[in-house]
Amino acid sequence: MLILIIKEMIHRKLSFLLSLLAIITAVTLFISFFTAGQASKRETVKLMLTMGFNLRIIPKQTDMDKFWLTGFSDYTMPENYIDVLANTRNISYNHITAILHKKISWSNKDIILTGLSPEVIRSDRQNPMAFLISPGSVYVGFEIAKNMEIKKGDVINILGKSFMVERCLAESGSDDDIRIYGNLNEIQRVLNMKGKINEIKALECLCLLKPGEKPVDVLRAQVEKLIPEGKVILIQSLAETRQKQRAMADKYFSLILPIVLVVCAVWICLLAIINVRDRKQEIGIMRAIGYGSGKIAVLFLGKAILIGFIGSAIGFAVGTGIAMKFGPEIFKITANTIKPSYILLLWSILSAPLFSAISSFIPTMLAITQDPADTLKEG
Amino acid sequence: MIYIDDVSKIYKTKFNEVKALDNVNLKINDGEFIVIRGASGSGKTTLLLTIGGMLRPTKGKIIIGDNDIYTMRIRERANLRAKNIGFVFQMFHLVPYLNVIENVLLPSKAGLNELTKEDAMELIRRLHLLGREHHKPSELSAGEKQRTAIARALLNQPKIILADEPTGNLDPDNAGDVIGYLSEFHKNGGTVVVVTHGVIADQYADRIINLKNGHIG
């Protein structure tokens, strides 16, 4: 019977390949999702959770009421804290910037002078998220530029040092509109605050977790341990947005997966119905020469099961390949733990043939109940 | 012996009823060569399929040997066919993805008889298909296809061959060959029932039965 099944599949290649494609699609989707997702669960010892947070680290003694009023701390901390943070192994991040903010009076106006260090970027693939301001240059906020008619290329004097205006910023609708950004070292110099900063901004931080731990608490504890003079503020809106995005991705997946399964099942079912119709005469003659319902069912269900087996193997390979290629982009901390899961291979070898057989059940029943006399009479 | 006892077959459609067989009574002795002749729509094929256990009559009995075949279970009837009856059809009904030898061996997959490739090769030799055994039906002539179908029908060494217009798609030479093979089977003691509207089988027939509008004339 197996030879009959294989020969028929070779004879009707297109039908076979389309059915196989349906199984591969379903298995690939499952495997790629679960292989990548399992990476975060598999590590029982150092369970990791991939969650990115955006943090502001400010001096511990900061008066928070005033901080929220002005948007920055009056206190400072050493600039080298950025190196401490950059070199830790417990926390992963994508971008870190050291910042010094100071309110000054300039040309009879109150402005915020902000010095930015070049970003420490861990991954080569990441682009800087903050301004990269070259020495001798400044970026001027929208309100300042508008009121003082400052244009790109102008030279302005700030606290006795001349800077070239490299860029006039677009309106932001925030206090950035009354801010002048410069290179950290130069701003420290003009403010006479060498080696001092009052904020470290860490973007897309990830941390190691144990079961039951809240990522925010762990991040806060770990950062404050590394920088005892620092206080961690979570930029809530961004973190919440990230969480919402992740929840939405899960929601979409849980919605898409059943749809894909139903579509694949209908697809397989329709192809099997067409196959039964194409094989009416074959079924008729087999019936005539003594094939019982069981043997006819074996021909169709056997084919479905065989396609399920082949599809599960190919789907596993493709799904694993996709997870290995794109998983590390999504699950940054657990990137190294994303590997082929042979338990999933076992599951797909068991479930894909079953899925394929269930999808082919109705067509198989049609084949069994088909009246052979009808086709034999048709000649 | 095949005993057709007061058999009627009515096809019901949405709008009307068609009486394909109307109180047919016929006794076919073992080793007899019967030709059932009639025009298209006279009920020949219906009668043949009814005799072969493939089409339940609306009324009446078909008895083959000691078996009232439509009182048997479907599985038992399939077994009876596999062991005792060979079918030959006008359109050959070969399995398109199997070659000649695999088509001839198809009844062996039904699992009731111990049949070997050598048995199939012997039939292929007898039916002058040697050299064509690895060809698919699409690569065969009409005569070769019908000889393959006859070889398949003979593989189980049945007692009865039921042939529905076996020469309908063949040229006179091939038609003569096919009837010759059926005659050879008959000479060896087999029962042959051929339904046809032609006359080519008449010379081999022990009896010719005319069927008209479902009645034996």
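This write-up is about the structure you can find in this document.

Parameters and conventions
- Residues numbered from 1 in each chain as written.
- Chains lettered and ligands numbered in written order.
- Predicted model: local features only at pLDDT ≥ 70, side-chain atom pairs only at ≥ 80, totals over all residues.
- Heavy atoms only, no water.
- Axes fitted to C-alpha atoms, helices over the stretch in contact; angles between N-to-C directions.
- Helix = DSSP H or I, 4+ residues; strand = E, 2+ residues; numbered from the N terminus.
- Parallel < 35°, antiparallel > 145°, perpendicular 65-115°, else oblique.
- Left-handed = near helix turned anticlockwise from the far one by under 90°.
- Contact = heavy atoms within 4.5 Å.
- Buried area = accessible area lost by both parts, 1.4 Å probe.
- Salt bridge = Lys/Arg side-chain N within 4 Å of Asp/Glu carboxyl O.
- Polar contact = N/O pair within 3.5 Å; in protein donor to acceptor, adjacent residues only side chain to side chain.
- Patch = residues over 30% accessible without salt bridge, like charges linked within 9 Å, V, L, I, M, F, W, Y side chains within 5 Å.
- Areas by Shrake-Rupley, 256 points an atom, 1.4 Å probe, with all protein chains shown as cover.
- Buried < 20%, exposed > 50% of the residue type's maximum accessible area, 1.4 Å probe, protein only.
- Nonpolar A, V, L, I, M, F, W, Y, C, P; charged D, E, K, R; others polar.
- Arc of directions from axis to C-beta.
- Core = buried A, V, L, I, M, F, W, Y, C linked by side-chain atoms within 4.5 Å.
- Pairing = 2+ DSSP bridges.

What to know about the packing of helix 4 (residues 117–126) of chain B against helix 5 (residues 142–155) of chain B
Residues and elements named next belong to chain B. Here helix 4 crosses helix 5 at 135 degrees, and the two axes come no closer than 10 Å. The angle between the axes of helix 4 and helix 5 places the two elements in the oblique class. As helix 4 packs across helix 5, the resulting crossing turns out to be right-handed. Mapping the contact onto sequence places Asp119, Ala120, Leu123 and Arg126 in helix 4 and Ala151, Leu154 and Leu155 in helix 5.

Remarks on the interface of chain B and chain A
Counting from both sides, the interface comprises 24 residues of chain B and, opposite them, 25 residues of chain A. Of the roughly 2,300 Å² buried between chain B and chain A, counting both surfaces, carbon and sulfur atoms make up 65%. If you sort the residues of chain B by the area they bury against chain A, Met54(B), His93(B) and Tyr97(B) come out on top, with a joint share of 31%. In this assembly, chain B and chain A are joined by 1 salt bridge. Note that Lys7(A) is salt-bridged to Glu102(B), the shortest N-O span being 2.7 Å. Applying the counting criterion to the chain B and chain A interface returns 8 residue pairs in polar contact (both at pLDDT 80 or more). Broken down by element, the side of chain B that touches chain A gets its largest block of residues, 4 residues, from helix 2 (residues 74–84) of chain B.

Digging into the environment of Ala352(A)
Turning to its location among the elements, Ala352(A) is positioned in helix 11 (residues 342–359). Between the C-alpha atom of Ala352(A) and that of Gly315(A), which follows or precedes it by 37 residues, the distance is 9.5 Å.

Some details on a nonpolar patch on the surface
Taken together, Val262(A), Val266(A), Leu270(A), Ile273(A), Phe361(A), Ile362(A), Met365(A) and Leu366(A) make up a surface patch of nonpolar side chains, about 690 Å² in accessible area. Elements that contribute at least two residues to the nonpolar patch include exactly helix 8 (236–278) and helix 12 (361–369) of chain A.

Description of the pattern of salt bridges
Opposite charge on two side chains permits pairing when their charged atoms draw close. Per the counting criterion, the structure on display carries 18 salt bridges over all chains. Its salt-bridge partner being Glu32(B), residue Arg207(B) comes within 2.7 Å of it at the nearest N-O pair. Remark: Glu32(B) occurs in the loop between strand 2 (17–28) and strand 3 (33–37) and Arg207(B) occurs in strand 9 (residues 207–212); sequence separation between them is 175 residues. Judged by its relative accessible area of 28%, Arg207(B) is partly exposed. Judged by its relative accessible area of 9%, Glu32(B) is buried. Taken together, the salt bridges that share partners define one network made up of Glu8(A), Arg12(A), Arg279(A), Glu282(A) and Lys303(A).

Details of the packing of helix 5 of chain B against helix 6 (residues 172–187) of chain B
Residue and element names in this part refer to chain B. Interaxial distance between helix 5 and helix 6 falls to 10 Å at its minimum, and their mutual angle equals 10 degrees. Looking at the two axes, helix 5 sits roughly parallel to helix 6. Between helix 5 and helix 6, the residues in contact are Gly143, Gln146, Arg147, Ile150 and Leu154 and Asn174, Val178, Tyr181 and Phe185, respectively. Taken together, the residues of the contact of helix 5 with helix 6 sort by class into 5 nonpolar, 3 polar and 1 charged.

Examining helix 1 (residues 2–11) of chain A
Residues and elements named next belong to chain A. Burial in helix 1 covers these residues: Leu4, Ile5, Glu8 and Met9. Along helix 1, the residues classed as buried sweep out an arc of 130 degrees about the axis, all on the same side. In helix 1, the exposed positions angled more than 90 degrees off the buried face are occupied by Leu2, Ile3 and Ile10.

Some points on the nonpolar core
Among the nonpolar cores identified, the biggest contains 37 residues, and Trp106(A), Val140(A), Ile156(A), Ile158(A), Ile180(A) and Ile200(A) are the most heavily contacted of them. With 5 residues, the top contributor of residues to this core is strand 4 (residues 95–106) of chain A. Every residue in contact with Ile180(A), bar those within four places of it in the chain, is listed here: Trp106(A), Ile111(A), Ile112(A), Leu113(A), Thr114(A), Val138(A), Tyr139(A), Val140(A), Ile144(A), Ile156(A) and Ile158(A). Membership of the second largest hydrophobic core comes to 36 residues, among which are Leu123(B), Leu140(B), Ile179(B) and Val194(B).

As for the side chain of Lys44(B)
Residue and element names in this part refer to chain B. Secondary-structure assignment places Lys44 in helix 1 (residues 44–51). For Lys44, the side chain forms a polar contact with the main-chain oxygen of Gly38, separated by 2.9 Å. The residues contacting Lys44, other than those within four sequence positions of it, are Ile36, Arg37, Gly38, Ala39, Glu165, Val195, Thr196, His197 and Leu211.

Quick word on unusual backbone geometry
Trans is the common state for peptide bonds, and a negative phi is the common state for residues other than glycine. Residue and element names in this part refer to chain B. Even without being a glycine, Asp6 presents a positive backbone phi close to 50 degrees. Positive phi, normally seen in glycine, also occurs at His128, with a value near 55 degrees. Examined against the element boundaries, His128 turns out to sit in the loop between helix 4 and helix 5.

Some remarks on the pairing of strand 5 (residues 109–116) of chain A
Residues and elements named next belong to chain A. Counting buried residues along strand 5, 6 of its 8 residues qualify, which places the element largely inside the surrounding structure. Relative to strand 5, strand 4 runs antiparallel, the two sharing 8 bridges. The residue bridging Ser105 from the neighbouring strand is Asp110, located in strand 5. Connecting strand 4 to the antiparallel partner strand 5 that follows it, the hairpin turn spans 2 residues, and Ser107 within it adopts a positive phi of roughly 50 degrees. As defined by bridge partners, strand 5 adjoins strand 10 (residues 179–183) across 5 bridges and the pair is classed as parallel.

Quick word on the sheet that holds strand 5 (residues 67–68) of chain B
All names here are of chain B. Spatially, the 4 strands line up as an open sheet ordered 2-1-4-5, and their pairing is antiparallel. Only two strands of the sheet have a single neighbouring strand rather than two, namely strand 2 and strand 5. The sheet contact formed by strand 1 (residues 2–12) and strand 2 spans 8 bridges and is antiparallel. Of the residues in strand 2, the one forming a bridge with Val7 is Val24.

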